[in-house]
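Architecture at a glance
Now for the letters of each chain:
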Amino acid sequence: MKGAEISKRKLRIKQIIILVIIMLLVGAVWQWIMIGKETRILPKGQVFNVNNHNMSIYATGSGKNTIIFVTGSGTPSSFTDFYKMQMELQPYARTVSFDKAGFGWSEKTDIPRTIDILSEELHELLEKSGQSPPYILVGHSLASLEVINFAQKYPTEVKGIVLLDGGSPEFYTEDSEIKSYILNRFIAGLRVTGIVRAFGNLGIRFAFAGEDLRYDKLPNEIKLIDIAMYYKYLGNTSNLQNNINENAREVIKEGYLKNIPLVILSSDSGSNWMKTQKELLNWSNYSSQETLYNSSHYIHWTNTGYVIEKIKERIAE
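A short tour of the structure in this document, coming up.

The rules behind the values
Residues numbered from 1 in each chain as written. Predicted model: local features only at pLDDT ≥ 70, side-chain atom pairs only at ≥ 80, totals over all residues. Heavy atoms only, no water. Helix = DSSP H or I, 4+ residues; strand = E, 2+ residues; numbered from the N terminus. Buried < 20%, exposed > 50% of the residue type's maximum accessible area, 1.4 Å probe, protein only. Pairing = 2+ DSSP bridges. Axes fitted to C-alpha atoms, helices over the stretch in contact; angles between N-to-C directions. Contact = heavy atoms within 4.5 Å. Patch = residues over 30% accessible without salt bridge, like charges linked within 9 Å, V, L, I, M, F, W, Y side chains within 5 Å. Areas by Shrake-Rupley, 256 points an atom, 1.4 Å probe, with all protein chains shown as cover. Salt bridge = Lys/Arg side-chain N within 4 Å of Asp/Glu carboxyl O. Left-handed = near helix turned anticlockwise from the far one by under 90°. Nonpolar A, V, L, I, M, F, W, Y, C, P; charged D, E, K, R; others polar. Core = buried A, V, L, I, M, F, W, Y, C linked by side-chain atoms within 4.5 Å.

Focus: unusual backbone geometry
Following Pro133, the chain continues into Pro134 via a peptide bond in cis, with omega recorded as 10 degrees. Along the chain, Pro134 falls in the loop between helix H4 (115–128) and strand E5 (135–140). Positioned with a positive phi, Ser141 is a non-glycine residue whose angle comes to about 55 degrees. Positionally, Ser141 belongs in the loop between E5 and helix H5 (143–153). The phi angle at Asn294 is positive, at roughly 55 degrees, despite the residue not being glycine. Looking at the element boundaries, Asn294 is found in the loop between strand E8 (287–292) and helix H13 (299–302). Overall, the relative accessible area of 72% leaves Asn294 in the exposed class.

What follows is the structure, encoded as structure tokens:
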């Protein structure tokens, strides 16, 4: 009897494994078909050839200052992630968002994503699209490295920097690239097998890339773009930042910002994260730091109103 029970148990396990495999294959086919339909959404803004690949930029509003929004690592669409802030701030300044290579409406490239190349590509994109300094750089998360480096390279064009829960260069020199890789591949697996889409259809959107916060706060017509980008780019290989540590060391090598004002807005993510927020204070002679309570890493969605007011203050200076 025991032998028969073991055989039945093994059979059930095999049946479950086969069923799971079939479901994942069906999900992958479903994902592939839907991506084909959803990618027909036309770009918002304009597309320019930069460093031999096309980059998308969306600019609106007018004023003496130009606000440049820079997404953190892995955010599927800059247009939807900063849509609310661009709309709110357009009466006060020119506002710009752009898609990094391999995300949104920007073309994928094999050119290494070194910090120098990222800054040079952004500068070229701004020039080709007719944007004018002075720039107020607003960077989220890992984009802290990008906006600091941009200011290091083009200091006369930068009026100030606002960091949205960005890490310090010192923090990113030690951040685990292996951990980032494993998380990226796990998320990509959920996407390509249709699991992310299945949960989304049930009204459940994962916290990955802030989608659980962003989607419900967008206008209906923008939601269609946002969810399509989420299903297409979550865990995208262009997010494999294998040079985080190297880029951080390069930023440190270039030196501090001196007199460029630096505003640091931080989430209440514990004492370890607070350490890196305090480290950022040393990056400018004119720096300030605030911790926004009841906030998340996507601080511009949990504390939108306050973030907008702090950017307005930089415009008024």
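Still more to cover.
Description of the sheet that holds strand E1 (residues 46–50)
Strand order in the open sheet formed by eight strands is E1-E2-E4-E3-E5-E6-E7-E8, with mixed pairing between adjacent strands. Looking at the sheet topology across the chains shown, the edges are occupied by E1 and E8. Here the strands of the sheet are splayed against their neighbours by 20 degrees on average, with no regard to which way each runs. Strand direction decides the pairing type here: E1 and strand E2 (residues 53–60), joined by five bridges, are antiparallel. Directly across from Val47, in E2, lies its bridge partner Ser56. Against the sheet, H4 engages E1, E2, strand E3 (66–70), strand E4 (94–98) and E5, with an angle of about 130 degrees to E1. Contacting E3, E5, strand E6 (158–164), strand E7 (262–267) and E8, helix H14 (residues 304–316) crosses the sheet at an angle of about 165 degrees to E6.

Re the environment of Ile308
Residue position: Ile308 is located in helix H14. In this structure the C-alpha to C-alpha distance between Ile308 and Ala28, which are 280 residues apart in sequence, comes to 40 Å. Sequence-distant contacts of Ile308, defined by excluding residues within four places in its chain, comprise Met85, Glu88 and Leu89.

Topic: the side chain of Thr80
In this structure, Thr80 sits in helix H2 (residues 78–81). Judged by relative accessible area, Thr80 falls into the buried class, the value being 0%. Apart from residues lying up to four places away in sequence, Thr80 is in contact with Arg214, Leu218, Ile222, Ile225, Asp226 and Trp301.

Some points on a nonpolar patch on the surface
Nonpolar side chains collect at one region of the surface, where Ile13, Ile17, Ile21 and Leu25 lie side by side and expose about 370 Å² of accessible area between them. As for its position among the elements, Ile17 is in helix H1 (residues 2–38). Among the residues examined, Ile17 registers a relative accessible area of 45% and is labelled partly exposed.

Section: the packing of H5 against helix H11 (residues 244–254)
As a packed pair, H5 and H11 sit with axes 10 Å apart at the nearest point and diverge in direction by 35 degrees. Crossing of H5 against H11: the hand is left-handed. Of the residues in H11, those touching H5 at Leu145, Ile148, Asn149 and Gln152 are Ile244, Asn247, Ala248, Val251 and Glu254. Grouping the constituent residues of the contact of H5 with H11 by class yields five nonpolar, three polar and one charged.

Description of the nonpolar core
Residues Ile68, Phe98, Leu126, Leu137, Phe150 and Ile161 are the most contacted members of the largest nonpolar core, which totals 37 residues. Once residues lying within four places of it in the same chain are set aside, the contact partners of Ile161 are Leu137, Val147, Ile148, Ala151, Leu257, Ile260, Pro261, Leu262 and Val263. Counting 22 residues, the second-largest nonpolar core is a separate cluster that includes Phe206, Ile222, Ile227 and Tyr231.

Here's the deal with the pattern of salt bridges
According to the stated counting rule, one finds 15 salt bridges in the structure shown. Among the salt bridges present, the one from Arg214 reaches Asp81, with a minimum N-O distance of 3.0 Å. Pair noted here: Arg214 is in helix H9 (residues 211–214) and Asp81 is in helix H2, with a separation of 133 residues, a long-range link. Judged by its relative accessible area of 1%, Arg214 falls in the buried class. Residue class for Asp81 comes out buried when judged on its relative accessible area of 1%. One salt bridge connects Glu121 with Arg113, and the closest N-O pair in it is separated by 2.9 Å.

So, to be careful, I would describe these as geometric facts and stop short of saying anything about function.
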